[in-house]
Amino acid sequence: MGVSRLDVFYRRLLLTKLFIGGWGKPEDLKRIFEFRKIIGDRDKCKSLVPMNYPVYINKTEEHSECYIHDGFFISPLEHFIPGILPPEAVKARFQFIVPKRWQKNKPVCIHLAGTGDHVRLLTFQPQYSLNFKVRSSLKNVSDLFVMGGALILESTVLLHWLERQGYWPVGMTGISMGGYMASLAVTNWPKPIPLIPCLSWSTASSVFTTGVLSKAVNWRELEKQYAINSVYEEEIINLLEYCGADSFKMGPELVKNVDSFEHLLGLPGADRASVGQSPKDRGEAEAVQGLLVDGGPDGTGNLHASNTLLAKRTDSAKWCRPSLHRDSMSFMKGVMDECTHMANFSVPVDTSLIIVVQAKEDAYVPRTGVLSLQEIWPGCEVRYLNGGHISAYLFKQNVFRQAIYDAFNRFCLKYPKLH
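Basis of the calculations
- Residues numbered from 1 in each chain as written.
- Predicted model: local features only at pLDDT ≥ 70, side-chain atom pairs only at ≥ 80, totals over all residues.
- Heavy atoms only, no water.
- Pairing = 2+ DSSP bridges.
- Helix = DSSP H or I, 4+ residues; strand = E, 2+ residues; numbered from the N terminus.
- Core = buried A, V, L, I, M, F, W, Y, C linked by side-chain atoms within 4.5 Å.
- Buried < 20%, exposed > 50% of the residue type's maximum accessible area, 1.4 Å probe, protein only.
- Contact = heavy atoms within 4.5 Å.
- Phe/Tyr/Trp six-rings, centres within 6.5 Å; stacked < 30°, edge-to-face > 60°.
- Lys NZ or Arg CZ within 6 Å of the ring centre and 35° of its normal.

J.: Please give an account of the pairing of strand β1 (residues 56-62) that cites residues and values.
T.: Here β1 runs beside strand β2 (residues 66-74); their pairing, made up of six bridges, is antiparallel. Bridge pairing in β2 places K59 opposite D70. Taken together, β1 and the strand that follows it, β2, pair antiparallel across an intervening segment of three residues.

J.: Any chance you could break down unusual backbone geometry for me, citing the residues and the numbers?
T.: Going from W168 to P169, the amide bond is cis rather than trans, its omega being -10 degrees. Assignment of secondary structure puts P169 in the loop between α4 (141-164) and β6 (170-175). Phi angles above zero are rare outside glycine, and N105 is one such case at about 55 degrees. Topologically, N105 is positioned in the loop between β3 (91-99) and β4 (108-112). The phi dihedral of L199 falls on the positive side, at around 60 degrees, and the residue is not glycine. Of note, L199 is situated in the loop between β7 (195-198) and α6 (205-209).

J.: Break down the nonpolar core for me, with residues and values.
T.: W23, F33, F145, M172 and F208 are the most contacted members of the largest nonpolar core, which totals 92 residues. The biggest single contributor to this core is α4, with 13 residues. Excluding anything up to four places from it in sequence, M172 contacts C109, I110, L112, S155, L159, A182, A185, V186, I193, P194, L195 and I196. Formed by 15 residues, the second largest nonpolar core is a distinct cluster that contains V357, A359, A392 and F400.

J.: Before we move on, could you go through the packing of aromatic side chains and cite the residues and values that matter?
T.: Enumeration according to the criterion identifies 17 aromatic pairs in this entry. With a centroid separation of 6.1 Å and an interplanar angle of 45 degrees, the aromatic rings of W23 and Y232 are classed as tilted. Of this pair, W23 sits in the loop between α1 (5-13) and α2 (26-39) while Y232 is found in helix α8 (residues 231-234), placing the two residues 209 residues apart along the sequence. Just as W23 is buried, Y232 falls in that class too. The interplanar angle of 45 degrees and the centroid separation of 5.1 Å between the aromatic rings of Y226 and F331 together place this pair among those described as tilted. Separated by 105 residues along the polypeptide, Y226 in helix α7 (residues 219-228) and F331 in helix α12 (residues 324-340) bring together distant segments of the chain. The same class applies to Y226 as to F331, namely buried. An aromatic cluster is defined as three or more aromatic residues linked by ring pairs; in this entry it consists of Y53, F73, F94, F96, W102, W161 and Y167. When the ring centre of Y67 is taken as reference, the NZ or CZ atom of K100 above it lies at 5.4 Å. The ring of W201 carries R367 above its face, with NZ or CZ at 5.8 Å from the centroid.

This is the structure we're talking about:
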């Protein structure tokens, strides 16, 4: 199946750049990777978030058919990895939309926001859905992993809170990146729960290495940092766990996938901003390499540069190595798989309650070369839509809602509430 040209065209209209700050602090990556090994195991997480974790409602608006509550709580991640969250994210905020009249029971579906949105909590009443979007973008690669760890724990807080308030059944959904995050959160929940991830798949690694969003990544800065700071290549790689596919032996297949998207985007090899170099860059690289080989301008082998200059030349040589782009992309796949690959997390308690909605021609979430969700979660259902990511998001909301209804009905039939 090909990729949607609408997805490719829409991506070209957006100017937002991802990861403009680079990989993030190496120490932050180390801390979140170590914590991932804890939250990736449901048995280790049973007592991380107390059932009575405090949640507060600080504002309520009354509308003709519903109430809209604004709430907040302190993210549990702040307690486990102090200082890793930006100050503005320590307080987790949500909206809770409650109908004035319930048809049956009090079902609630937590909706985790997609890329650029903020987390929100919606009732399982699609007609009451509220658009709550504020543009934002990820500055560092590590920000995505911090967000994932935070949302797993924050979702647990909300699920506990909803149960205490008497809502039943409760489930989770999300679109695109929100679907990934909802999936990660459910792996950590110790009970059967409906899950409806829309337009997401088994890992986010393909999104940023072979999908159209890979063109929004600031590869030049990532490559520079990867080349100059050896900690990524020598230490952080050792923290990554095997998750069903070797992320560091991708080579030709990854390059082939990237080339196919370059062609769709109309970017010939010489014009790729993230690969290749300007004539000035190439000239400087050749000069540096010549100095390093010959030993000096006069070829005598005498060292005429200061230690600082030599270090700069060495860094430049690293930065200009031919395999740098491939190595950086392989590292990106490895760190993305570490924190987003579903095979690195516990299998949800009841996979029959999972209904995945995916677009056949999704250019944002490529499925080629990665494990399928059916392989990782045997028993889950996958529903495919014709078209791509953007067309599904714009015109197939009814399909998402139907999947939510079906998953909740399936839960009620299988686990009827005991009175």
